[in-house]
Amino acid sequence: MTLAMAAFAVEDSFLKAATALVPPATAMMGFGALGMLVFAVIARFRGEAALPRITRGLAIRSGFEIGGRLFYSLALAFAGLGATSAILQATPLVVIAGAVWVFGEKVGWRRWTAIGVGFLGVLLVLRPSGEALQPAALFALLGMAGFAGRDLATRAAPLTVTNAQLGVLGLGMLFLAGLVVQLVTLSPLALPPPAAVGAILGATVFGCIAYAALTVAMRTGEVSVVTPFRYTRLVFALILAVAVFGERPDLPMLLGSALIVGSGLFTLARSRRVKAGT
């Protein structure tokens, strides 16, 4: 999960850089098409079909994937990387609550308290008058809901569906999300410049690494245990936001980030103690 979050942060940086050079729809469709190709090649190399049989569960997962990819990509295009990533940190709260309801996982009051502290940290980062609540950044809230539903549906996906096949489906949903944006905005289609092509290729490489690592984490680990590691994405994103895009997180954002990461680490430690019976 930590590897996935680091790779997702780098992917976000490349995708944001690409959307500064080409329309968001072009970047999303290019990234989605290349990512599908990568995972399809992996699947065929392993002797698997590129696409699995689409079941009701996979259809639900794909629907959440479209929503998550669509709105989060738009947020990256029009809002700051740091603010967008901070909003995304609400995803683990939704995932853990969903795991309790859907899978019957047990989460005690100490972990719920730590999760609540993490949520307060997110609110501290957002601040009603802060940059994160500009209209463009609200796309990230919808993206967060889509990703949470996708992660829970991934957990429930049939084990006969391989990680490579899930990758083909996931990046295919990103292509469809870009197509939706294209049809809505009617932005002109044109060949992207070399710099944009390089950024899209970079997003594809790191996106495929992130997607594969995330799928393994969600399918093999207890949701309430692996989910706290999602908070590391904010750390990676803030570093890249400062180093690459010149963003300057202020003290409330840093304090909120510390609360988010600290609550995640406590939740992880508490989960291990509960499993050990201590």
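Residues numbered from 1 in each chain as written. Predicted model: local features only at pLDDT ≥ 70, side-chain atom pairs only at ≥ 80, totals over all residues. Heavy atoms only, no water.

**Quick word on the overall build of the protein chain**
Consideration 1: For the protein chain, the helix and strand inventory stands at 12 helices and 0 strands.
Consideration 2: Across its three principal axes, the protein chain shows a C-alpha extent of roughly 60 × 45 × 30 Å.
Consideration 3: By residue count, 53% of the 278 residues in the protein chain fall in the buried class.
Consideration 4: Counted over contacts in the protein chain with a minimum sequence separation of 6, partners at least 24 positions apart contribute 90%. (Helix = DSSP H or I, 4+ residues; strand = E, 2+ residues; numbered from the N terminus. Buried < 20%, exposed > 50% of the residue type's maximum accessible area, 1.4 Å probe, protein only. Contact = heavy atoms within 4.5 Å.)

**A closer look at the side chain of Arg 233**
Consideration 1: With respect to the helices and strands, Arg 233 occurs in helix H11 (residues 232–245).
Consideration 2: Residue classification places Arg 233 among the buried residues on the basis of a relative accessible area of 6%.
Consideration 3: Only 3.5 Å separates the side chain of Arg 233 from the side chain of Tyr 72, close enough to count as a polar contact. (Polar contact = N/O pair within 3.5 Å; in protein donor to acceptor, adjacent residues only side chain to side chain.)

**Remarks on the UniProt feature "transmembrane region" (unreviewed entry) in the protein chain**
Consideration 1: Under the UniProt annotation, "transmembrane region" (unreviewed entry) lies at residues 27–46, 86–104, 111–130, 136–153, 165–184, 196–217, 229–245 and 251–269.
Consideration 2: End C-alpha to end C-alpha, residues 27–46 measures 29 Å, and it is 95% helix and 0% strand.
Consideration 3: Secondary structure across residues 86–104 comprises 79% helix and 0% strand; the distance between its end C-alpha atoms is 28 Å. (UniProt positions renumbered as here; feature names shortened; annotations may be inferred.)

**Examining the pattern of salt bridges**
Consideration 1: Applying the stated criterion to the full structure yields 5 salt bridges.
Consideration 2: Measuring nitrogen to oxygen at the nearest pair gives 2.7 Å for the salt bridge that ties Arg 233 to Asp 12. Within this pair, whereas Arg 233 is found in helix H11, its partner Asp 12 is found in helix H1 (residues 2–19), the two being separated by 221 residues in sequence.
Consideration 3: Residue Arg 61 pairs with Glu 65 through a salt bridge whose shortest N-O separation is 3.7 Å. Of this pair, Arg 61 and Glu 65 both sit in helix H3 (residues 56–78), 4 residues apart, which is roughly one turn of that helix.
Consideration 4: Relative accessible area serves as the criterion here: at 2%, Arg 61 is assigned to the buried category. (Salt bridge = Lys/Arg side-chain N within 4 Å of Asp/Glu carboxyl O.)

**With respect to empty space enclosed by the protein**
Consideration 1: Evaluated as defined, the whole model comprises 3 cavities of 30 Å³ or more.
Consideration 2: Considered as a void within the structure, the largest cavity measures approximately 110 Å³ in volume.
Consideration 3: If you trace the largest cavity, you find 15 residues lining it, with Phe 8, Arg 69, Tyr 72, Phe 147 and Arg 233 closest to the centre.
Consideration 4: When contributions to the lining of the largest cavity are tallied by element, the ones reaching two or more residues are H1, H3 and helix H7 (139–156).
Consideration 5: Grouping the constituent residues of the lining of the largest cavity by class yields 6 nonpolar, 3 polar and 6 charged.
Consideration 6: Size it by volume and the second largest cavity reaches roughly 40 Å³.
Consideration 7: Arg 61, Arg 150, Asp 151, Thr 154, Tyr 211, Leu 214, Thr 215 and Met 218 together form the lining of the second largest cavity.
Consideration 8: Broken down by secondary-structure element, the contributors of at least two residues to the lining of the second largest cavity are H7 and helix H9 (194–220).
Consideration 9: In terms of residue count, the dominant contributor to the lining of the second largest cavity is H9 (4 residues).
Consideration 10: Taken together, the residues that form the lining of the second largest cavity break down as 3 nonpolar, 2 polar and 3 charged. (1 Å grid on protein atoms, 1.4 Å probe; cavity = no way out; pocket = protein on both sides within 12 Å on 5 of 7 lines; lining within 4 Å. Points joined across faces, edges and corners; volume = space filled by probe spheres on them. Nonpolar A, V, L, I, M, F, W, Y, C, P; charged D, E, K, R; others polar.)

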